[in-house]
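As a plain string of letters, each chain reads:
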Amino acid sequence: MARTSSTVKERDAYQCGECGWTSPKWVGRCGECNTWGSVGERGVKLTQVASVVPSTRAVPISQVSVDEAKRVSTGIGELDRVLGGGLVPGAVVLLAGEPGVGKSTLLLAAAAKWASSGRSVLYVTGEESAAQVRLRAERTGAVSSDLYLAAETDLGTILGHVEQVVPSLMVVDSVQTIGTPEADGSPGGVSQVREVTAALVRVAKRRALPVIIVGHVTKDGTVAGPRTMEHLVDVVLNFEGDRHSGFRLVRASKNRFGPADEVGCFEMAERGIVEVPDPSGLFLSQAGEPQPGTCVAVTLEGRRPLLAEFQALVAPVAFETPARRVTNGVDGARVALILAVLQRKAHVKLGHHDVYVSTVGGARVCDPTADLAIAVAVASAVVDRNFPQRLLALGEIGLAGDLRRVPALERRLAEAARLGFELAIVPAGSRDTSVPLPKLGRLKVVEVATVAEALATLDLRRHE
C-alpha cells in the first residue's frame, strides 16, 4: 500500500465548548453559536493526511444496488409517515423532546412492535433501571421475548451488548447519559456527546443497523449538545406537545431519506401512546351550532391539513383601566397586528375593549393563513352574532388590510368539505386555475380581496 509523506504542525487555537468552533485567537463570543464566554484555549493538531490506495474502486451510481437500503416499517403508521415510510438499514435517528413528553413511551412501543415480528431489538436505558422499563412495558403492553434491555451508561459496554445480541434495531435512551473514557469531560458534555454519537454512527453504518437516539432539549426547545450531533445523524425528529394536553406531534426537521416536512400525530392515553390518523376533530369544539366569536381555519402541519378553531371574547373595559390583549395558542404580536388592521381598515372599534383570543384543544397555530379566521372571530364577538352556516376563513392579512394568497388551497378545502363545512371565505386569486377543485360537496367558496370585504360578506362591518 503506497503512502505519501505527511507533515504535522502544532499550534495553539481556541475552541468553543458548546459547538466545537475554532479560532486562531481568543474571542469573547463564539462565531458559530453566538454563545458568550464559551471559547477557551486548546491545542489543535493540523495534519496533512496521507493518501491511501482504496481497497474497493468507486462505481457508477447506476450500478449501486438499492436492495440493501429498503425501508422496514416500525409497526407504527404515524412514525413511519414522519420517517418517510420506515427505517432505512444503517440510519441513525435523533429523537428530541422536553422531559415527560413521551419519548421513551413512544420508542418502547416501537421497539415492541419491531420485536413482535421476530426481529431482535436492543433497548439501552441510561436513565432508568431495567425493572423500571419493564414496569412501563407491562402498563403499555410492550413486552416481547425478542426485546432485550440493557441498563448501561458506558459506551464500551453498550458496544459489547451489540456484539452479543446482534440486534436488528437499537434504541439508546438517552445520549446525554452515555460516557466514554476516550473523550474529555463528564457524560452529557459537548466532547462526550460528540464522541458517543460518532461511535454509534460508525456502528450503525458498519452493521447496517438502524439506531434511534433519544436527545434532550434546552430551555428554548432546541436539541441540547453540540450542533455537530445533528449533522452526524441522518434524521432529526422533534417530539412536541403540551404537558396539559394529551395531543403530541412528531415533526421531522432533517431527513436524508425522505421529506423533512411531515408530521405524525399521537395522543397520550392511560395505556401508553396512541396513533391519531385523523386529528382534525381534536381541535374543534363540540357545540352543535356555530357560536358568536368563533371561526375555523385549515392549517398545514407539514403536508397534513389540520382544522383549528379560534375563539374570541370582547368585553368593555371597566372604568379607566387600559384595554387588555390576552392570547393562548397564537402569537400575541400577530393578534395585535390583526386587531390594529381591524380598527384602521375595517372600522371595528376595539380601543376600549378587552380582547381574548384562544385556540381549542390546546393547539399552537403559527400558520399566517389563520389571520382571517382570527379577525372574523373577533368581529363576530363584537356584534355577538353567530353564523347560519359552518364557516371557514383562510388568508394572511397585510398591513394594508389586503388578503394574501393561500398555498395548497385545494388540499385545505378538500379537508374542510370532508368534515361538512358549508362556507369558505378565501383570498381572491388563491386558486390555481390549472388544477381543478376537488369535490367539495356542500362547501361554497367565496373569494374576497380585503378584510373589510370579508366582514361585509358576513355582515360584520361598522359596529361600535
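Residues numbered from 1 in each chain as written. Predicted model: local features only at pLDDT ≥ 70, side-chain atom pairs only at ≥ 80, totals over all residues. Heavy atoms only, no water.

Asks: How should the sheet that holds strand E12 (residues 272-275) be read in this particular structure?
Replies: Taken in spatial order, the 9 strands line up as E6-E5-E7-E8-E4-E9-E10-E11-E12 in an open sheet, and their pairing is mixed. Either end of the sheet is taken by a strand with one partner, and the two such strands are strand E6 (147-151) and E12. Averaged over all pairs of adjacent strands, the angle between their axes in this sheet comes to 25 degrees, without regard to strand direction. Here strand E4 (residues 92-97) runs beside strand E8 (residues 211-215); their pairing, made up of 5 bridges, is parallel. Within E8, the residue paired with Val92 across the bridge is Val211. In the packing of helix H3 (residues 130-140) onto the sheet, contacts are made with strand E5 (121-125), E6 and E12, and the angle to E6 comes to roughly 145 degrees. Against the sheet, helix H4 (residues 155-165) touches E5, E6 and strand E7 (169-173), its axis set at about 160 degrees to E5. (Pairing = 2+ DSSP bridges. Helix = DSSP H or I, 4+ residues; strand = E, 2+ residues; numbered from the N terminus. Axes fitted to C-alpha atoms, helices over the stretch in contact; angles between N-to-C directions. Contact = heavy atoms within 4.5 Å.)

Asks: I keep staring at the nonpolar core and nothing clicks. Help me out?
Replies: Grouped together as the largest cluster of nonpolar side chains are 59 residues, with contacts concentrated most on Phe310, Leu342, Val376, Val378, Leu392 and Leu455. Counting residues per element, this core draws most heavily on helix H8 (residues 371-383), at 10 residues. Of all hydrophobic cores here, the second largest spans 33 residues; its members include Leu95, Trp114, Leu147 and Val250. (Core = buried A, V, L, I, M, F, W, Y, C linked by side-chain atoms within 4.5 Å. Buried < 20%, exposed > 50% of the residue type's maximum accessible area, 1.4 Å probe, protein only.)

Asks: It is not clear to me how H8 should be interpreted in this structure. Could you clarify?
Replies: A turn of α-helix holds 3.6 residues, and therefore any two residues three or four places apart point the same way. The terminal C-alpha atoms of H8 lie 19 Å apart, and with 13 residues this matches the ideal 18 Å at 1.5 Å per residue to within 8%. Burial within H8 is extensive, with 12 of its 13 residues counted as buried. Along H8, the positions that sit buried rather than exposed are Asp371, Leu372, Ala373, Ile374, Ala375, Val376, Ala377, Val378, Ala379, Ser380, Ala381 and Val383. Of the residues trailing H8, Asp384 is marked for its positive phi of about 55 degrees. (Expected span 1.5 Å × (residues − 1).)

Asks: Is there a simple way to think about the confidence of the model for the chain in this case?
Replies: Low-pLDDT portions of the prediction should not be read for the details of their coordinates. Summary statistics for the chain give a mean pLDDT of 87 and a share of 92% for residues scoring 70 or more. Here strand E1 (residues 8-16) stands out as the element of the chain with the lowest mean pLDDT, 61, in contrast to E5, whose mean of 97 is the highest. (pLDDT = per-residue confidence, 0-100.)

Asks: What is the right way to look at the packing of helix H2 (residues 103-115) against H3 in this model?
Replies: When two helices pack together, their arrangement is captured by the angle between the axes and the distance separating the axes. For the pair H2 and H3, the least separation of the axes is 11 Å and the interaxial angle reads 70 degrees. Between H2 and H3, the angle is such that the two are roughly perpendicular. Counted together, Ser104, Thr105 and Leu108 of H2 and Val133, Arg136, Ala137 and Thr140 of H3 form the full contact between these two elements. In terms of residue class, the contact of H2 with H3 is built from 3 nonpolar, 3 polar and 1 charged. (Parallel < 35°, antiparallel > 145°, perpendicular 65-115°, else oblique. Nonpolar A, V, L, I, M, F, W, Y, C, P; charged D, E, K, R; others polar.)

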